[in-house]
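Observations on chain architecture
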Amino acid sequence: MFDFLSFPVVASAHGPEIDSMTSMMHWAMLILFVGWGSFFLFTITRFRSSKNPKADYMGLRSHASNFVEGAVAVFEVVVLVGLAFPLWAKRVNAFPSEKEAVIVRVVGEQFNWNVHYSGGDGVFGRTDISLVSAENPLGLDRSDANAKDDITTINQLHLPVNKPVIVRLSSKDVIHSFSLPFFRVKQDAIPGDIFPVWFVPTKTTAEIREALRYTYKLGKTVEVDFKSDDFLDYLDYVTLNDIVNEKDGSVVISKGTRVLPYIKEQLSQAVTESGAEFNKVKLVETPIAMTFEKVAAETYSAKDGSVIANKGDLLSDALVPMFFENGITEVVVGLATPTEIACAQLCGLGHYRMRGTMIVETQEEFDAWLKSEASYLQP
Amino acid sequence: MDQHVATAPHVGEAHAHHEELGFLRKYVFSIDHKVIGLQYGITALLFLFFGFTLMMLMRWQLAHPNHPIPAMYFIVPIAIIGVVVLLISKFKPSLSMLVGVLFLGLAALVSYLTSGDDRMPGGIMLPEFYNQLGAMHGTIMVFLGVVPLAVGAFGNYVVPLQIGAPDMAFPKLNAVSYWSYFVGGVVMLVSFFVPGGAANSGWTSYSPLANVATTGQTYWLVGMVFLITSSLLGSVNFIVTIIQLRAKGMTFMRLPFFVWAQFVTSFLLLLAFPPLEAAGILQLMDRLAGTSFFLPSGLVVAGQPLQVSGGGHPILWQHLFWFLAHPEVYVLILPAMGILGEVIANNTRKPLWGYKSLVYAVIFLGFMSFIVWAHHMFLTGMGTVISAFFQTTTMIISIPSIIILTALIISLWGGSIRFTPPMLFALAFLPMFGIGGLTGLPLGLAPTDIHLHDTYYVIGHFHYVVAPGTLFALFAGIYYWYPKVTGRKLSDMMGKIHFWGSFVSINFVFLPMFIQGFAGVSRRLSDGAQQYAHAQNMLPWNEVMSIGAWVLGAFQVVFIVNFFWSLKRGESVGDNPWQATTLEWSAAPTPPPHGNFTKTPEVYRGPYEYSVPGKSRDFTPQNEAD
Amino acid sequence: MSEAHAEDIKKHVRTYIMVFVALLALTVVTVAISTLHLSTFAAVTVALIIAVIKGSLVASYFMHLISEKKLIYAVLVLTVVFFVGLMFLPVGAFSDKITMP
Amino acid sequence: MQIPYTVELRSDTGLFNAKLGVWLFLASEVMLFGALFSSYVLLRVGAEHWPHGWEELNIPLATLNTVVLISSSVTMVMSWASLKLNNFKKYKMYMGLTILCALIFLVVKAFEYGHKFEIGHLPGTSTFLAIYFTLTGLHGLHVIGGIILNGYLWGPGSKMWQSAPDRFTNRVEVAGLYWHFVDLVWIFLFPVLYLL
Ligand code: HEA
Ligand code: HEA
Ligand code: CUA
Ligand SMILES: [Cu+2]
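How each quantity is defined
- Residues numbered from 1 in each chain as written.
- Chains lettered and ligands numbered in written order.
- Predicted model: local features only at pLDDT ≥ 70, side-chain atom pairs only at ≥ 80, totals over all residues.
- Heavy atoms only, no water.
- Helix = DSSP H or I, 4+ residues; strand = E, 2+ residues; numbered from the N terminus.
- Rg over C-alpha atoms; globule rule 2.2 N^0.38 Å.
- Buried < 20%, exposed > 50% of the residue type's maximum accessible area, 1.4 Å probe, protein only.
- Near = heavy atom within 4 Å.
- Polar contact = N/O pair within 3.5 Å; in protein donor to acceptor, adjacent residues only side chain to side chain.
- Nonpolar A, V, L, I, M, F, W, Y, C, P; charged D, E, K, R; others polar.
- Contact = heavy atoms within 4.5 Å.
- Buried area = accessible area lost by both parts, 1.4 Å probe.
- Salt bridge = Lys/Arg side-chain N within 4 Å of Asp/Glu carboxyl O.
- Axes fitted to C-alpha atoms, helices over the stretch in contact; angles between N-to-C directions.
- Parallel < 35°, antiparallel > 145°, perpendicular 65-115°, else oblique.
- Left-handed = near helix turned anticlockwise from the far one by under 90°.
- Donors = N, O, S within 2.8 Å, 3.2 Å for Na, K, Ca; no water.
- Core = buried A, V, L, I, M, F, W, Y, C linked by side-chain atoms within 4.5 Å.
- Pairing = 2+ DSSP bridges.
- Phe/Tyr/Trp six-rings, centres within 6.5 Å; stacked < 30°, edge-to-face > 60°.
- Lys NZ or Arg CZ within 6 Å of the ring centre and 35° of its normal.
- pLDDT = per-residue confidence, 0-100.
- Expected span 1.5 Å × (residues − 1).
- Patch = residues over 30% accessible without salt bridge, like charges linked within 9 Å, V, L, I, M, F, W, Y side chains within 5 Å.
- Areas by Shrake-Rupley, 256 points an atom, 1.4 Å probe, with all protein chains shown as cover.
- Lys, Arg positive; Asp, Glu negative; His and termini not counted.
- Charge placed at Lys NZ, Arg CZ, Asp CG, Glu CD.

In terms of helices and strands, chain C carries 3 helices and 0 strands. Counting from the amino terminus, chain C carries its helices and strands in the arrangement α-α-α. Taking 101 residues into account, the globule formula puts the C-alpha radius of gyration at 13 Å, and chain C, at 20 Å, lies well above it. Dimensions of chain C along its principal axes, counting C-alpha atoms only, are 75 × 40 × 10 Å. The buried share among the 101 residues of chain C stands at 40%.

Time to look at the site of ligand 1. Residues in contact with ligand 1 amount to 35 residues; listed here are only the nearest, Trp203, Tyr330, Asp449, His453 and His461 of chain B. Around ligand 1, the nearby residues trace back to chains A and B. One of the side-chain N or O atoms of His375 of chain B is found 3.3 Å from an oxygen atom in ligand 1. Residue Leu443 of chain B places a main-chain N or O atom 3.2 Å away from an oxygen atom belonging to ligand 1. Listed by contribution, the elements that provide at least two residues to the shell around ligand 1 are α1 (15-46) of chain A together with α10 (314-348), α12 (384-410), α13 (421-438), α14 (440-444) and α16 (456-486) of chain B. Residues of the shell around ligand 1, tallied by class, amount to 21 nonpolar, 12 polar and 2 charged.

Let us look at the interface of chain B and chain A. Each side of the interface is counted separately: chain B has 96 residues, and chain A has 92 residues. Summing the contributions of chain B and of chain A, the shared interface buries around 8,200 Å²; its carbon and sulfur component is 70%. Area buried by chain B at its contact with chain A is led by Trp413, Phe518 and Tyr532 of chain B, which between them contribute 9% of it. Inspection of the chain B/chain A interface yields 0 salt bridges. Only α6 (127-163), β1 (300-301), α10, α12, α13, α14 and α15 (446-452) of chain B provide two or more residues apiece to the side of chain B that touches chain A.

Looking now at the packing of α6 of chain B against helix α8 (residues 216-244) of chain B. All names here are of chain B. Where α6 contacts α8, the axes come no closer than 11 Å and their chain directions differ by 20°. When the axes of α6 and α8 are compared, the pair comes out roughly parallel. Crossing hand, α6 versus α8: left-handed. Listed contacts from α8 to Met136, Thr139, Phe143, Leu144, Val151, Gly155, Asn156, Val159 and Ile163 of α6 are Trp220, Met224, Leu227, Phe238, Thr241 and Ile242. When its residues are assigned to classes, the contact of α6 with α8 shows 11 nonpolar, 4 polar and no charged.

Residue and element names in this part refer to chain B. Protein coordination of the iron atom of ligand 1 is limited to a single donor, His461 (NE2), which sits 2.2 Å from the metal. Here the iron atom of ligand 1 and the copper ion (ligand 4) are spaced 4.5 Å apart. Locating His461 in the fold gives a position in helix α16.

The biggest cluster of nonpolar side chains holds 420 residues, and the ones touching the most others in it are Phe178 and Phe183 of chain A together with Leu430 of chain B. If we skip the residues at most four places from it in the chain, Phe183 of chain A touches Ala11, Ser12, His14, Phe199, Pro201, Ile208, Thr339, Met358 and Val360 of chain A. Judged by nonpolar contacts, the second largest core, of 15 residues, contains Tyr237, Val259, Ala276 and Leu283 of chain A.

Turning next to the sheet that holds strand β11 (residues 237-239) of chain A. All names here are of chain A. The 3 strands lie next to each other as β10-β14-β11, forming an open sheet whose pairing is antiparallel. Looking at the sheet topology across the chains shown, the edges are occupied by β10 (221-224) and β11. Averaged over all pairs of adjacent strands, the angle between their axes in this sheet comes to 35°, without regard to strand direction. The sheet contact formed by β11 and strand β14 (residues 281-285) spans 3 bridges and is antiparallel. Bridged to Tyr237 within β14 is Glu285.

A separate point is the side chain of Arg258 of chain A. Residues and elements named next belong to chain A. Assignment of secondary structure puts Arg258 in the loop between β13 (251-253) and α4 (261-274). Polar contacts involving the side chain of Arg258 include one to the main-chain carbonyl oxygen of Thr286, which spans 3.0 Å. In this structure Arg258 touches Leu235, Asp236, Tyr237, Val238, Ile263, Thr286, Pro287, Ile288, Met290 and Asp317, once residues within four positions along its chain are discounted.

Moving on, we get to the interface of chain D and chain B. Residue-level contacts link 35 residues of chain D with 39 residues of chain B. When chain D packs against chain B, close to 3,000 Å² is buried across both sides, 75% of that on carbon and sulfur atoms. Applying the counting rule to chain D against chain B returns 1 salt bridge. Asp12 of chain D is paired through a salt bridge with Arg246 of chain B; the nearest N and O atoms lie 3.8 Å apart. Remark: the boundary between chain D and chain B carries 6 residue pairs in polar contact (both at pLDDT 80 or more). Those elements that place two or more of their residues in the side of chain D that touches chain B are α1 (17-46) and α5 (127-154) of chain D.

Quick look at the site of ligand 2 now. Residue and element names in this part refer to chain B. Taken together, 32 residues lie around ligand 2, and Arg59, Tyr130, His137, His463 and Arg524 are the ones closest in. A distance of 2.6 Å is found between an oxygen atom of ligand 2 and a side-chain nitrogen or oxygen belonging to Arg59. Arg524 is positioned such that a nitrogen or oxygen atom in its side chain is 2.6 Å from an oxygen atom of ligand 2. Of the residues in the shell around ligand 2, the class split is 23 nonpolar, 6 polar and 3 charged.

According to the stated counting rule, one finds 83 aromatic pairs over all chains in the structure shown. With 6.2 Å between their ring centres and 80° between their planes, Trp203 of chain B and Trp322 of chain B make a pair best called edge-to-face. One end of the pair, Trp203 of chain B, is in the loop between α7 (171-190) and α8; the other, Trp322 of chain B, is in helix α10, and 119 residues separate them in sequence. The same class applies to Trp203 of chain B and to Trp322 of chain B, which are both buried. Aromatic rings pair up to connect Phe425, Phe472, Phe475, Tyr479, Tyr482, Phe499, Trp500, Phe503, Phe559, Phe563 and Phe564 of chain B into one cluster. The ring centre of Phe47 of chain A lies 4.4 Å from the NZ or CZ of Arg46 of chain A, which sits over that ring. One cation-aromatic arrangement involves Arg119 of chain B over Tyr112 of chain B; the distance from NZ or CZ to the ring centre is 3.9 Å.

Moving on, we come to the packing of α6 of chain B against α16 of chain B. Residue and element names in this part refer to chain B. α16 packs onto α6 with a crossing angle of 35° between their chain directions and a minimal axis gap of 11 Å. The two elements α6 and α16 cross, and the hand of that crossing is left-handed. Across the interface between the two elements, Tyr130, His137, Val146, Leu149, Ala150, Phe154, Tyr157, Val158 and Gln162 from α6 touch Tyr456, His463, Thr470, Leu471, Leu474, Gly477, Ile478, Trp481, Lys484 and Val485 from α16. Of the residues in the contact of α6 with α16, the class split is 13 nonpolar, 5 polar and 1 charged.

Moving on: the arrangement of the chains. Across the 5 pairs of chains that are in contact, the largest number of contacts falls between chains A and B. With no contact between them, chain A and chain D keep their nearest C-alpha atoms 11 Å apart.

With 96% of its residues at a pLDDT of at least 70, chain B reaches an overall mean of 92. This model gives residues 1-18 of chain B a pLDDT under 50, and the stretch forms 32 contacts once residues within four places in sequence are excluded.

With that settled, the discussion passes to helix α5 (residues 95-113) of chain B. With 19 residues, α5 of chain B ought to run about 27 Å at 1.5 Å a step, and its terminal C-alpha atoms sit 26 Å apart, in line with that. In this structure, the buried residues of α5 of chain B make contact with α3 (33-63), α4 (72-89), α6, α7 and α18 (539-569) of chain B.

All names here are of chain A. Overall, antiparallel pairing links the 3 strands, which are arranged β9-β18-β15 in an open sheet. This sheet does not close on itself; its edge strands, each paired only once, are β9 (213-217) and β15 (294-296). Within the sheet, the average angular offset between the axes of one strand and its neighbour, ignoring direction, is 45°. For β9 and strand β18 (residues 330-335), the ladder comprises 5 bridges, and the chain directions are antiparallel. Each bridged residue has a counterpart across the sheet, and for Arg213 the counterpart in β18 is Gly334.

Another aspect to go through is a positive patch on the surface. A cluster of basic side chains, namely Arg25 and Lys172 of chain B together with Arg167 and Arg171 of chain D, defines a positive patch on the protein surface. One can find Arg171 of chain D in helix α7 (residues 165-195).

With that out of the way, let us pick up the confidence of the model for chain C. On average, residues of chain C carry a pLDDT of 88, and 96% of them reach 70 or more. Here the predicted complex carries an ipTM of 0.94, next to a pTM of 0.94.

Among the structural elements, Ser65 of chain A can be located in helix α2 (residues 64-92). A residue is classified by how much of its surface remains accessible, and Ser65 of chain A, at 10% relative accessible area, is buried. Discounting residues that sit within four places of it in the chain, Ser65 of chain A has contacts with Trp353, Thr406 and Ile410 of chain B.

Structure follows, in structure tokens:
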């Protein structure tokens, strides 16, 4: 009954508390709104001038509204003392002990999340901004003994499920905001300061992927001629046949390619260079595989029985013609990494794409991952 | 000139009979509060329109990210509006002609903005340009649109009339305020033409992002200094005027509610703006003199260590900014509430319910608004004590708002409600502000703010209070006072079309924002969150909201046409068409001459003596002796 | 201007001279104390106390605040309240931050 | 219609318009400098190292400037008192002295700044110098504003003494309030920047 706001999947231990507090607030707001609203609607119909030509100087004589206002005030006090203060205190004070938690440093920069694990020794190596370079965005001093086993990644945060995590958050340049929508975590990453946040992930990325399935459709088809039609009107479309240079028969753009501005450039170049001429091209509108990685949520096979995409396979625009040819017009997909680090603070032109992937996995998978990362380190 | 002039001179000719001043002195460098009020009003309306145009471009991008934007869909309608207004003006030098020309200029400006490889190569909006539009939409709407309209225009025009004063206390200072505002606006517009374009760090200009931003940010800061100066001078003027120039008998408890609202607003401007000025000076120093007030040591920007002395704090900027900006949002709402008081009392034909509690609530609201600012900063690493303080003050500040809204709603009870266009807008304000205000509560509680902070939920929250809230109240004010200014009424029919169209479409714009907010969709994303997994099933809403915004835009055209058409063709009215009680209607001629009153009014009663038992008329003006 | 009024003003002028002397003396005192290089806390306290005294003298006598109207006091009290808020709340926020576990 | 209470006092407030106006303006100035002082405190509390003012700055010059500014405050109030006593000549003299003091203040300040620039101490050098230049620079702008204002009242503006002596006296009083405030700010700047 509480959750009427259709929150996204919740995947952390404290998430439900925040959700139910939010829902509770919204119930209260709804009651107030409906209460005031019905009084309001009743009043404006009851006292319209055609029905009530003469106004009453005194108006409402009751002062019941004082009680309502008082009640709202009391309610707010109860929410503050009973919910808001304790919940917040738990978020910012009740940190798990460092021994039982996974500790990871995350440092934001325009427009990446740098992730830093302390490795086997549990101690983070020294960092120094004079060492910062493209290969070493954190400026980690590998000559420091503690740094030898440190693991760093860019935009790859791996965490084990059901274990407390402490993220030590900071930034190299401007203010970012470390936001994990499914985990109900958000904290500004402020340069010159380090703030810790903690939470316990309770669902793995794979579980969330299963829970979140989307159906993508193949839409309209059109046939266009490169010369007469403006390609930029077809940015949501994928080619269903090759674009062939009819002069020499060479394939300039193969089928299963999304119509993007560069295609137009490539074609015009061919025209200016060799006076190429092209066939008409058939396009289908579809968002499958647009923007970022999606996987097939089921196995899709062609009419002849061959597999187009196995469950879990990455989908690409190149598969679109095959779906089309085999009469598959709806594809159920999961997102490759539904769990992500979003940036919730305007941080420059790349703010909209400052997305880090976050993988929550079983302890075994996590350990295996750490091990494989460690194996890349130079001895 | 034609024969209309004699019966109802339009705005520009209001003072023709009184004194022979040259054109420049009369309309441009005037020191008459009414002319200055109109200057503010027209400038602010144009800026509102411009701010909205920027937003409609952004909404196109959000609905169809990375698709070319058909610029002509924006340029041509604006140009057509310009031509229509010019036609209405019959190309005679007048206000309409000026505005018509300005609309054509606006069309040219938009066509400049929608071209250029550093903004829209191939018609596709670059993210950095989106950010410029966002920052400038916020800045223009707040500082160049709503505040100048609510305070500069309505305050200037109405307050002296309502308190029975011949003018503002310092007329020359008043003109300086306007021109300072004007210069600030010009600087902001010019910033679109500098390399790198206008400011692009949000209207909040958070450091260090704003420190390392393009030149536009410097223009933004300089522009803000002018705007702040303008507001400061204006607020000194308002406070002195209200305290010193009240007519005989106009005690504080007989002030119209609108004057009270302006009075409190002026204090907010007076005391909250200076810290932003200080912050602006510090950021200018950071940008121009190489200081690092907001830059900590050890920054690495774009791979290069930043060569500054360091030792500053990014959060310091936020404290100084929000110390202004929270009171500022009440600056946006208080005059609106004031207008509502006038319109509701007049159209219910009865006194406001609980006038005193309204006054005390407004004062308390004004006071509290200074100590809630850090509720914008819960996620900047706040501990328990200080966050508890700000959560508590934020909850406390909701109580006076509830008292005000409740009193206004109860005022309807027992009335004889006339659904005139100003009243329609005023009535719509109530539930719309209710939605906006109520959604402020979960934001004001730190734990729930974790999920909602910087999502579209926040955007939804504040647009409900500023757009169908304040903006509707301002429309109510325009429909209400237009006859006093021009001697003619705005067309009721067009007014009702404007109202219903706006009311329905605006909810399509802002209601889905809450849904996106619950899903955790961040604000200020130039592709409408396409890149984010958690936003995938929220993307269709983007299109709904955008269509809502364009429909909303289309209905504004009705308003603009009404505005200029009625200047000449509206039903002409006498001194007190609404049968109102306050002095601007009952004691001043329409339109008011230079000096406002032919004879100094004297006040005998409270502001809203409607339907007094035993009186033959259903309204008893304040200046009517017993 | 009446004679009584002129007398008043002359009295004022004497006060101004006295205040002037006091201000000079306090300036000397505060500079002198600063050469002692007291501990930061003591130095801040003493310097601020002296500055407050000097400031009050200027405000009370040169700016006639001592005989000013109630309304002006009201404005100033309000300003002082917000001034104090502005001084202390950000400092409070800076000292109450989430700390590293 | 004339605007009332430009000269005479309104009975219920006991004030004329400009006086209330200038006090309100000063209230906003308090908030302006308050915000800067608040920033100063925050930066200093948060700094790892903060120099003592006396190590970086020239105390004798600043003391001299303090004395100069205090003197100008006295001459300012004396100029007003002279008008009250109907002595226009003395007014001219005292007002002239006020402006002179203000100019001396600026000259001394210019030397201080010049020296700092010479030895390469720029606003960007350290946070201390940054806040020093910002605060004193802003204060300096206020001094310049005061000079312009007082210069007007000393020169062209003083014609009003003939036509409307009461109004003119009020103007001088109001200008004085502003000028004393500028002095008052310096009284706090001096210990905060130089002595601590
Ligand atoms: C006019 C402007 C305005 C107004 C009045 C308000 C009012 C309130 N605001 Fe809002 N706010 C903004 C403008 C405004 N705000 C803006 C612009 C931002 C974003 C800035 C940015 O980040 O860019 C913002 C952001 C903002 C935040 C920060 C969110 C975040 O970034 O995470 C918070 C948090 O506490 C908040 C809280 C509140 C509260 C508690 C109120 C309270 O005062 C509300 C009290 C009102 C009520 C409780 C309604 C009562 C009415 C009824 C009950 C009647 C109902 C009637 C009928 C049904 C007929 N606001
Ligand atoms: C007063 C403030 C105000 C107002 C009124 C509005 C009005 C509107 N705003 Fe805005 N908005 C802000 C203040 C405001 N906004 C701020 C501060 C931000 C944050 C910026 C940031 O992130 O930094 C923001 C951000 C913002 C966003 C988020 C962008 C992002 O995060 O990426 C969106 C998205 O849809 C939006 C939409 C709209 C819409 C559709 C309106 C519509 O309601 C507009 C309606 C406008 C009109 C109806 C104009 C009417 C004018 C006329 C008709 C003129 C007539 C002229 C004559 C007669 C001469 N706004
Ligand atoms: Cu990083 Cu937004
Ligand atoms: Cu706020």
